[in-house]
Amino acid sequence: MTPLTQWPLAERLTTSRLSLEPLRAEHAPEAFPVFDDTRLHTWTGGKPYTLEELQARYAFQAGGTSPDGSQGWLNWMLRRADDARLAGTVQATLYRTESGEVEASLAWVVGVGHQGRGYAGEAARAMADWLRTRGATSLVAFIHPDHEASAGVARSLGLTPTDEIADGEVRWSDSGR
């Protein structure tokens, strides 16, 4: 593992059933119907973006870094290999800890019509493995305490819940294993 001097850029990743495509603003029209579902906000709050808001958000995120450069932003769209349909997204926010290590805060969302098939875990595993080869020394995720599906994904990545709560979500961590 090499220490990061600049933030890595998302690259295409593949699993047995998915292609993880680096996010582009052009994904928005295809992604809009997948994410235009209030049920996806049960655990996180908020509401679905309009198509215009989604395009603007994707254009901003696709830049790969926060405006001040203190965070690396990696976002992938999940495309099913069998029919090429978009199914969800995974993302990682990279930042340096007080000790100078690189921590990756992970998140995943799978469209309601694609849930229950293991896509979140499969994509999150591919992302986590890729991040570790790019200098991430620890992984974390913030998960609503009642969201069993996301807790299952976190456990599959080797993360365990901590006592830390942020905005009503439990911080899960691999403790820098």
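So, here is what we can say about the structure in this document. (Residues numbered from 1 in each chain as written. Predicted model: local features only at pLDDT ≥ 70, side-chain atom pairs only at ≥ 80, totals over all residues. Heavy atoms only, no water.)

This brings us to helix 2 (residues 51–61). Within helix 2, burial applies to Leu-54, Tyr-58 and Gln-61. The buried residues of helix 2 all sit within an arc of 70 degrees when viewed along its axis, so they share a single face. At its buried positions, helix 2 is contacted by helix 1 (28–35), strand 3 (72–80) and strand 4 (86–96). (Buried < 20%, exposed > 50% of the residue type's maximum accessible area, 1.4 Å probe, protein only. Helix = DSSP H or I, 4+ residues; strand = E, 2+ residues; numbered from the N terminus. Arc of directions from axis to C-beta. Contact = heavy atoms within 4.5 Å.)

A word on the nonpolar core. A general trend in soluble globular proteins is that nonpolar side chains are found buried together. Among the nonpolar cores identified, the biggest contains 36 residues, and Leu-20, Trp-76, Val-90, Leu-106, Trp-108, Leu-131 and Leu-157 are the most heavily contacted of them. Sorting the residues of this core by element identifies strand 2 (18–22), strand 3, strand 4, strand 5 (102–110), helix 3 (119–133), strand 6 (138–143), helix 4 (148–156) and strand 8 (169–173) as the ones contributing at least two each. In this structure, Trp-76 is in contact with Ala-10, Glu-11, Leu-13, Leu-20, Glu-21, Pro-22, Leu-23, Gly-88, Thr-89, Val-90, Met-127 and Trp-130, ignoring residues within four places of it in sequence. Val-34, Leu-40, Met-77 and Leu-86 belong to the second-largest nonpolar core, a separate cluster that totals 10 residues. (Core = buried A, V, L, I, M, F, W, Y, C linked by side-chain atoms within 4.5 Å.)

What follows concerns the packing of aromatic side chains. Applying the stated criterion to the full structure yields 2 aromatic pairs. A ring pair is formed by Trp-76 and Trp-130, whose centres lie 5.4 Å apart and whose planes are at 80 degrees; its orientation type is edge-to-face. Of this pair, Trp-76 sits in strand 3 while Trp-130 sits in helix 3; the two residues are 54 residues apart in sequence, bridging distant segments of the chain. Across this residue pair, the class does not change: Trp-76 and Trp-130 are buried. (Phe/Tyr/Trp six-rings, centres within 6.5 Å; stacked < 30°, edge-to-face > 60°.)

Once that is clear, we can look at the layout of surface pockets. The gaps of empty space that remain are located by a probe, the size of a water molecule, rolled over the atoms. Of the pockets and cavities examined, the largest pocket occupies roughly 1,400 Å³. As for the largest pocket, its lining consists of 50 residues, of which Leu-40, Thr-44, Ala-107, Trp-108 and Val-109 are closest to the centre. Of all the secondary structure elements, the ones that give two or more residues to the lining of the largest pocket are helix 1, helix 2, strand 3, strand 4, strand 5, helix 3, strand 6 and helix 4. In terms of residue count, the dominant contributor to the lining of the largest pocket is strand 5 (6 residues). (1 Å grid on protein atoms, 1.4 Å probe; cavity = no way out; pocket = protein on both sides within 12 Å on 5 of 7 lines; lining within 4 Å. Points joined across faces, edges and corners; volume = space filled by probe spheres on them.)

All right, on to the pairing of strand 3 then. Counted residue by residue, strand 3 has 9 buried out of 9 residues, so it is predominantly covered. Residues of strand 3 alternate between two faces, with Gly-72, Leu-74, Trp-76, Leu-78 and Arg-80 on one and Trp-73, Asn-75, Met-77 and Arg-79 on the opposite face, all of them buried. Bridging between strand 2 and strand 3 involves 5 bridges; their strand directions are antiparallel. Residue pairing across strands places Leu-20 opposite Leu-78, the latter belonging to strand 3. Where strand 3 meets strand 4, 8 bridges bridge the pair, whose relative direction is antiparallel. What sits directly across from Gly-72, in strand 4, is Leu-94. Connecting strand 3 to the antiparallel partner strand 4 that follows it, the hairpin turn spans 5 residues, and Ala-84 within it adopts a positive phi of roughly 65 degrees. (Pairing = 2+ DSSP bridges.)

Here strand 4 runs beside strand 5; their pairing, made up of 9 bridges, is antiparallel. Across the sheet, Ala-92 pairs through a bridge with Leu-106, a residue of strand 5. If you look at the hairpin formed by strand 4 and strand 5, you'll find 5 residues sitting between the two strands, and Gly-100 has a positive phi there, around 90 degrees.

Moving on: the side chain of Glu-122. Mapped onto the elements, Glu-122 comes out in helix 3. The contacts of Glu-122, once residues within four sequence positions are left out, are Thr-15, Ser-16, Arg-17 and Leu-18.

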